[in-house]
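Okay, here's what each chain looks like letter by letter:
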Amino acid sequence: MASRTDNKRTVAGEVTPGVTAGAGAHEDAKVFRPSPIGWAARASFLLVVFGGLLVLPLILPGYRTFQYSYALIFAIVGLSVNVLSGYAGQISLGHQAFVGVGAFVSGNLVSEQHLSFWLALPLAAVSGGVAAGLLGLVALRLRGLYLALVTLAYGAVATASIFEIKSLTRGGAGMPAPRPAGFTSDRAYTYLVLGVFALVLWVDWRLVRSKVGRALFALRENEQVAASFGIDVTLYKVLAFVLSGFFAGVAGSLFAHWRTTVVASDFDFILALTFVLMAVVGGLGSRAGVVIGSAFFALLPVLLGTVTVKPFGLLALWVTAFGAALLLITLRFYPGGVGQQIQPLVRWASGGRLGLNSRAPAESAGGGSGVS
Amino acid sequence: MPPRSRPEAAVAFLEIEDLSIHFGGVRALDGVDLKVGEWEIVGLIGPNGAGKTTLFNCVTGFYRPDRGRVRYRGKDVTHMRPHRRAAMGFGRTFQQVGLVRSLTVMENLLVAQHARVRYTALEALVGVPGAFTEERELRRRAEGILDFLELSPVRDERIQGLPYGAQKLVELGAVLATEPDILLLDEPSSGMAPEEARTLGETLLRMRRELELTILMIEHHVPLVVGVCDHVFVLNFGRMLADGPPSEIQRHPEVIAAYLGEEAVDGPS
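Nothing here was measured: the structure is a model prediction, and the numbers come from that model.

Thresholds, definitions, all that
Residues numbered from 1 in each chain as written. Chains lettered and ligands numbered in written order. Predicted model: local features only at pLDDT ≥ 70, side-chain atom pairs only at ≥ 80, totals over all residues. Helix = DSSP H or I, 4+ residues; strand = E, 2+ residues; numbered from the N terminus. Rg over C-alpha atoms; globule rule 2.2 N^0.38 Å. Buried ≥ 20, exposed ≤ 12 C-beta atoms within 10 Å, placed from the backbone. Contact = placed C-beta atoms within 7 Å. pLDDT = per-residue confidence, 0-100. Pairing = 2+ DSSP bridges.

## Focus on the overall build of chain B
Here is step 1: What chain B contains, in helices and strands, is 10 helices and 10 strands.
Here is step 2: Over its C-alpha trace chain B gives a radius of gyration of 19 Å, about what one expects of a compact globule, namely 18 Å for 269 residues.
Here is step 3: Projected onto its principal axes, the C-alpha positions of chain B cover 65 × 40 × 40 Å.
Here is step 4: Taking all 269 residues of chain B together, 51% fall into the buried category.
Here is step 5: Once local pairs closer than 6 in sequence are excluded, the contacts in chain B between residues at least 24 apart make up 67%.

Given below as structure tokens:
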């Protein structure tokens, strides 16, 4: 960077001013630390939640693990949307395209190029990132409704053109996407998806707790202020798209091999709408909320399918209607979504007070403000 | 302490030369010259709409001037992007509090250190141990600033829940966290009671003394300007009307006329 004298004193450096009258300020501000019993309670809670997620595939019957892994894949997509809409405050109505790109790249690499799944997965993620990054470059000049329209068009064009190229996607018949050796059963594949899901969670956690996430929060709210803090707004906006596309590509690859065939018709606009719905109902900006919301929407057809009496017939119609109703209820009554509801629990589990009326943690700061 | 008078030999720390910008038919700035020496506290005053904030926006890179130069430590930064200027040592506050309102005080002081963070974005996402270590370091430095401004008790409060005066103080803290060499303060005392403004003046003097800062500030509160500024520039209708030590400026007939809303003796032609 530019010339700066590095021998100058800084506020919090070695020469922390001792003349301040606020020497006792540290004592005033009580930083809450749980008691040993409190820590044990939190640890056992987390153990039950994460242990439960791990043990579940062993308990569930085979066809249920198939649904379970589907829910996990949706959760990854939800986290992908959350990075873009929740953290960075950008909207995407073309997310099905990034998932689709990931799915087709993964299927093509394994079936046509005879690459290992373990190589195809990261490459699918990268192609999802590139596809979203290109959209991000467009998004630099647009916001709000115009951005929404462009992402919608981008998604529609991608699914209607790229996914119809026969040599790449084998057209309507679909591209086979076999599962890797050792993970061909639904139960084993669920563990594979769980492992990837854990990695995505880790990256998302590090994102929020580092300069990257903070930069996104800042630019979501005020680009001028972000720039005055030294944040390259252009770079980080594109980065949000790339990262979101990366997660979507991962989810796409997992989806392809979950289904074992990739068909273009899977990635229609309704899917993109579902992605936005589940992130908003889950609670933009809230990791746990978005995961729960996404899993719920993934399993909604299953849940509604068990209801035997269905006026007006079609299940898909019911899913859409139900989703729309949930969206309205969320926007009207709980703009922070599921995340807002479970926020005291999340705060408690991460070492804070349960206090139902106190402030929200940083991570749920998005609180529905992302979509506008 | 730096000298209170303005020595001619003072090397210009920040130098604005012939700066002009227009919006549609309005000449917001017209051939403005301004110099700030190292360690100086310089005031920028003028009636509403005189172009003070526009000048700040040109200096910090949010506006691109039609004509003229901005030099910082002899380097031409006229066309440098805002975040790069911030990294070079430009610290800036806003008329509307320049903070991330949905985040807490502590989180704002962490965001503000963005340009000082050494780990890369990729290292952050992978979660290398060095990134964890540095995060703790950032937190420690933020605590130091909170102590300096006696803000520790509100560490975990969200900005939007704080009173306006406290927000302005946190904003100052956030700007300090960027480790600036020069501060551009846009009405730092707005929304403050006279007593708070007096304390602010002491804080500004202390910041110069202890942190070796140079300050250019837009300010209306006369006691504050007289109390801390070494030199004052007066902007009126986008032109520099006068400049001099605060005591002189206070008695300057054209300045008085401008503030009373009359046409200046030989105002803009």
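## Remarks on the confidence of the model for chain B
All names here are of chain B.
Here is step 1: Mean pLDDT for chain B: 88, with 92% of residues reaching 70 or above.
Here is step 2: Across chain B, the element-wise mean pLDDT spans from 81 in helix α10 (residues 253-260) up to 96 in helix α3 (residues 105-112).
Here is step 3: In the model, residues 263-269 has pLDDT below 50 throughout and makes 11 contacts with residues more than four positions away in sequence or in other chains.
Here is step 4: Under the prediction, the complex receives an ipTM of 0.87, its pTM being 0.86.

## What about the pairing of strand β1 (residues 12-23) of chain B?
All names here are of chain B.
Here is step 1: Note that β1 and strand β2 (residues 26-37) share 8 bridges and pair antiparallel. From the neighbouring strand, Glu 15 faces β2, where its bridge partner is Lys 35.
Here is step 2: The loop that links β1 with its antiparallel partner β2 comprises 2 residues; one of these, Gly 24, has a positive phi angle of about 60°.
Here is step 3: In this sheet, strand β4 (residues 67-72) lies alongside β1 in antiparallel orientation, the contact comprising 5 bridges. For Ser 20, the partnering residue across the bridge sits in β4 and is Arg 67.

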